[in-house]
Amino acid sequence: MAVLQIQPAPFFASKNRAFWNLQLAGWGAAFLLRAVSALANQQPLDLLALILVTTITGFSISLVLSVIYRRLIHQQPLVTWGLTAVVLFFAVLLHASIDAWVQGVYYGASRDTTFAQRLIGLLYLPLTLLGGWSALYYAINFFLTVERQADRLERLEAQATAAQLAMLRYQLNPHFLFNTLNSISTLVLLKQTVPANAMLTKLSSFLRHTLVSEPGGTVTVAQEVETLQLYLGIERMRFEDRLQTQFRVDPPADKAQIPSMLLQPLVENAIKYGVTPQEEGATISLVAQVVGPRLRVTVSDTGPGIRKGGSEGLGIALDGHGNRYTSTGVGLANIRDRLAQAYGEEHRFEIRSPESGGFAVMIELPFATADEAAQSTAPAPSAQIPSQPLDIAVMEKTPRGAVAPCDVGWADWAAW
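Please read these numbers as outputs of a predicted model, since none were measured by experiment.

### Quick word on the overall build of the chain
Reasoning step 1: Tallying secondary structure elements over the chain gives 11 helices and 11 strands in all.
Reasoning step 2: Sequence-distant contacts, at least 24 apart, represent 68% of the contacts inside the chain between residues at least 6 apart.
Reasoning step 3: Put simply, the chain shows about 22300 Å² of open surface, and 61% of that area lies on carbon and sulfur atoms.

What follows is the structure, encoded as structure tokens:
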């Protein structure tokens, strides 16, 4: 079953590295833009020093803002936005004050302006830069939070689906064991110990074989047929010549992947409603073939079917396309649920019971070999998204060698 994997953008795989890259690139671009503008307007070269001081001031104030925003981002929305506005106001005022003082030192008495006039005239630039920086900071962190939550939701949904598949798979074991153990009990009561012992041995082999595969896993058609042969070996001891089988698996189809224990309920259903009611028994056929890009598996029997008094009509259910079909109790309902969980709308489930008798179940699935299935379900490599905001997710080694986020404050940055 293919599960959509939601991953963070590779640029943000390391949030700490991404923060410093954005800091250097953003403030470097701001300095370059102002420097080019000054040169284009034929300003003196020593004005670049003033622009550099202004840029370093903005860079330093943004680092202080990142520490404060880191605390505010986890608060209630009203607290976050209210305090952010207050902090941003004082940061802009501080930036403009420093710029006004630096310009007063640079121009000296050549310009007849007061500090207050310079301060008011310079407010627009730090307001634009620090306001845009703050908006970008929150936008990136909220984006990563949404990505992390979406990834967590997908993982929970995948776990829920796997748990449901496991439940459906385990539902088959008591259903099958009840019938088999009942037959063994009958043989013991009849003092037929040799066939009872042989049936127990075959049952042990069958269970050992089926329990190897994972509940939600897939196997090839060839492996599923091998499992069916073990199961039929048990049933032939019950029905002897009344149970005949015909298997035809085309070479391309034998490598196709299907959910484990998918066909056993169909064969069990055919034995219960096709072989058991008739004194002469019935023949069970299995055909697996590749039709275009899909695998088609048909299990049929020559029993009485639905319209001739067979017991196979026990309810109405729907296939993957919403079509009505007659359900036969636990077996077919189980298969229907497993296919719906594993393939959604990509599967087809049909039954047929012609007037002449017999019963057939046809399943169509997307054709995929073991390698193709592994490629479609394997998650792409992605780095873990640390839970801390963008600027302070410094990575450290854990005792197992894994990578985990740790918090550092403003005082730790110099050493780091």
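From this point on, the discussion continues.
### A look at the side chain of D301
Reasoning step 1: Checked against the element boundaries, D301 lands in strand β5 (residues 294-301).
Reasoning step 2: With a relative accessible area of 7%, D301 lands in the buried category.
Reasoning step 3: Here G303 takes part through its backbone nitrogen, which lies 2.8 Å from a polar atom of the side chain of D301.

### Re the environment of L228
Reasoning step 1: Among the secondary structure elements, L228 is positioned in helix α7 (residues 221-239).
Reasoning step 2: Placed 40 residues apart in sequence, L228 and E268 show a C-alpha to C-alpha distance of 9.6 Å.
Reasoning step 3: Apart from the residues within four sequence positions on either side, L228 is in contact with F247, L263, Q264, V267 and L286.

### A few points about the packing of helix α1 (residues 15-40) against helix α2 (residues 47-72)
Reasoning step 1: Two elements in contact, α1 and α2, have axes whose closest approach is 10 Å; the angle formed by their N-to-C orientations is 155°. The angle between the axes of α1 and α2 places the two elements in the roughly antiparallel class. Viewed along their axes, α1 and α2 form a crossing whose handedness is right-handed. In this structure, α1 contributes F19, W20, Q23, L24, W27, F31, R34, A35 and A38 to the contact, and α2 contributes L47, L48, I51, L52, T54, T55, G58, F59, S62, L63 and S66.
Reasoning step 2: Partitioning the contact of α1 with α2 into residue classes produces 13 nonpolar, six polar and one charged.

### Regarding the sheet that holds strand β2 (residues 243-249)
Reasoning step 1: Across the sheet, five strands lie side by side as β2-β4-β5-β9-β8; this open sheet has mixed pairing. Strand pairing shows two members of the sheet lacking a second neighbour, β2 and β8 (348-352), which therefore form its edges. On average, adjacent strands in this sheet sit at an angle of 10° to one another, irrespective of strand direction.
Reasoning step 2: Across eight bridges, the pairing between strand β4 (residues 282-291) and β5 is antiparallel. Residue V291 lies in a different strand from β5, and its bridge partner there is R294.
Reasoning step 3: Relative to β2, α7 is tilted by about 170°, and along the sheet it contacts β2, β4 and β5.

### Some remarks on the pattern of salt bridges
Reasoning step 1: Considering all chains together, one arrives at six salt bridges under this definition.
Reasoning step 2: For R294, the salt bridge is made with E364, and the minimal N-O distance between the two is 3.1 Å. Residue R294 is found in strand β5, and its partner E364 is found in strand β9 (residues 359-366); the two are separated by 70 residues along the sequence.
Reasoning step 3: Classification of E364 by relative accessible area gives buried; the value is 6%.
Reasoning step 4: Members of the salt-bridge network, linked through shared partners, are R294, R296, R348, E350, R352 and E364.

Criteria and cut-off values
Residues numbered from 1 in each chain as written. Predicted model: local features only at pLDDT ≥ 70, side-chain atom pairs only at ≥ 80, totals over all residues. Heavy atoms only, no water. Helix = DSSP H or I, 4+ residues; strand = E, 2+ residues; numbered from the N terminus. Contact = heavy atoms within 4.5 Å. Areas by Shrake-Rupley, 256 points an atom, 1.4 Å probe, with all protein chains shown as cover. Buried < 20%, exposed > 50% of the residue type's maximum accessible area, 1.4 Å probe, protein only. Polar contact = N/O pair within 3.5 Å; in protein donor to acceptor, adjacent residues only side chain to side chain. Axes fitted to C-alpha atoms, helices over the stretch in contact; angles between N-to-C directions. Parallel < 35°, antiparallel > 145°, perpendicular 65-115°, else oblique. Left-handed = near helix turned anticlockwise from the far one by under 90°. Nonpolar A, V, L, I, M, F, W, Y, C, P; charged D, E, K, R; others polar. Pairing = 2+ DSSP bridges. Salt bridge = Lys/Arg side-chain N within 4 Å of Asp/Glu carboxyl O.

Purely geometric stuff here, so don't read any function into it on its own.
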